[in-house]
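A structural walkthrough
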Amino acid sequence: MMTNTGNRITQGQFSFLPDLTDAQITAQIEYALKQGWAVSVEYTDDPHPRNTYWEMFGNPMFDLKDPAGILMEINECRKTFPNHYVRVTAFDSTKGWETPRMSYIVNRPRKEPGFGLVRQEAGGRQIRYTVHSYATDKPEGERY
């Protein structure tokens, strides 16, 4: 049985683990670069599971070979958006894949509001459920 103590957002790799250190993030970036994947840094204040298109911080780093440059970009994004979720995504464009191969969160707000399950009665005794992000109860820019 998996448990999520602290109601942390669990999206991407490593989401059930404690936050990664910069050394661990660097190791993951090195792995992605050795695979020839392009790395990008993204951020959002609405981590709803269906919100897959986060804002990009800068351009994807296609030709970068040194993980220090990507870590510098991560730290700049953390500094610019300290109360947002920040994630690193590695894209594989070989063999027609053009898909994320690796994605993990590297920054979180101090307090994560979480999600609620909304129940809706429908015709024919049907019950529908939707996921509501508590973060969206406040307007964009005021969520954290």
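Residues numbered from 1 in each chain as written. Predicted model: local features only at pLDDT ≥ 70, side-chain atom pairs only at ≥ 80, totals over all residues. Heavy atoms only, no water.

**Some remarks on the side chain of Arg-108**
Structurally, Arg-108 can be placed in the loop between β4 (99–107) and β5 (115–122). A polar atom in the side chain of Arg-108 sits 3.4 Å from the side chain of Asp-19. Those residues in contact with Arg-108 that sit more than four places away from it in its chain are Arg-8, Ile-9, Ser-15, Asp-19, Pro-82, His-84 and Tyr-85. (Helix = DSSP H or I, 4+ residues; strand = E, 2+ residues; numbered from the N terminus. Polar contact = N/O pair within 3.5 Å; in protein donor to acceptor, adjacent residues only side chain to side chain. Contact = heavy atoms within 4.5 Å.)

**Comments concerning empty space enclosed by the protein**
Inspection of every chain in the model, using the stated rule, returns 1 cavity of 30 Å³ or more. Around the largest cavity, the lining residues are Arg-8, Gln-11, Gln-13, Phe-14, Ser-15, Leu-17, Pro-18, Asp-19, Leu-20, Tyr-104, Ile-105 and Arg-108. For the lining of the largest cavity, the class distribution of residues is 6 nonpolar, 3 polar and 3 charged. (1 Å grid on protein atoms, 1.4 Å probe; cavity = no way out; pocket = protein on both sides within 12 Å on 5 of 7 lines; lining within 4 Å. Points joined across faces, edges and corners; volume = space filled by probe spheres on them. Nonpolar A, V, L, I, M, F, W, Y, C, P; charged D, E, K, R; others polar.)

**Some words on the packing of helix α1 (residues 22–34) against helix α2 (residues 67–80)**
Relative orientation of the contacting elements α1 and α2 amounts to 130 degrees, with a least axis distance of 9 Å. Considering their axes alone, α1 and α2 lie oblique with respect to each other. Read as a crossing pair, α1 and α2 show a hand that is right-handed. Where α1 approaches α2, its residues Asp-22, Ile-25, Thr-26, Ile-29, Glu-30 and Leu-33 are matched on the opposing element by Pro-67, Ile-70, Leu-71, Ile-74, Asn-75 and Arg-78. A per-class count over the contact of α1 with α2 returns 7 nonpolar, 2 polar and 3 charged. (Axes fitted to C-alpha atoms, helices over the stretch in contact; angles between N-to-C directions. Parallel < 35°, antiparallel > 145°, perpendicular 65-115°, else oblique. Left-handed = near helix turned anticlockwise from the far one by under 90°.)

**Observations regarding α1**
If you check α1, its first and last C-alpha atoms are 18 Å apart, about what 13 residues at 1.5 Å a residue would give, namely 18 Å. Residues Ile-25, Thr-26, Ile-29, Ala-32 and Leu-33 constitute the buried set of α1. All buried residues of α1 fall inside an arc of 120 degrees around its axis, so they share one side. Residues of α1 that are exposed and angled more than 90 degrees away from the buried face: Ala-23 and Lys-34. Where the residues of α1 are buried, they touch β1 (38–44), α2, β3 (85–92) and β4. Positioned one or two residues after α1, Gly-36 has a phi angle of 80 degrees, which is positive. (Expected span 1.5 Å × (residues − 1). Buried < 20%, exposed > 50% of the residue type's maximum accessible area, 1.4 Å probe, protein only. Arc of directions from axis to C-beta.)

**Let's talk about the packing of aromatic side chains**
Applying the stated criterion to the full structure yields 5 aromatic pairs. Taking 6.5 Å as the distance between ring centres and 75 degrees as the angle between the ring planes, the aromatic pair formed by Tyr-43 and Phe-57 counts as edge-to-face. With Tyr-43 in strand β1 and Phe-57 in the loop between β2 (55–56) and α2, this pair connects stretches of sequence that are 14 residues apart. The exposure classification of Tyr-43 matches that of Phe-57, with both residues buried. (Phe/Tyr/Trp six-rings, centres within 6.5 Å; stacked < 30°, edge-to-face > 60°.)

**Concerning the environment of Arg-87**
By secondary structure assignment, the location of Arg-87 is in strand β3. Residues contacting Arg-87, with those up to four places away along its chain left out, are Ser-40, Val-41, Glu-42, Thr-52, Trp-54, Ser-103, Tyr-104, Ile-105 and Val-106. Within polar-contact distance, the side chain of Arg-87 engages the side chain of Glu-42 at 2.6 Å. A polar side-chain atom of Arg-87 sits 2.7 Å from the main-chain carbonyl oxygen of Thr-52.

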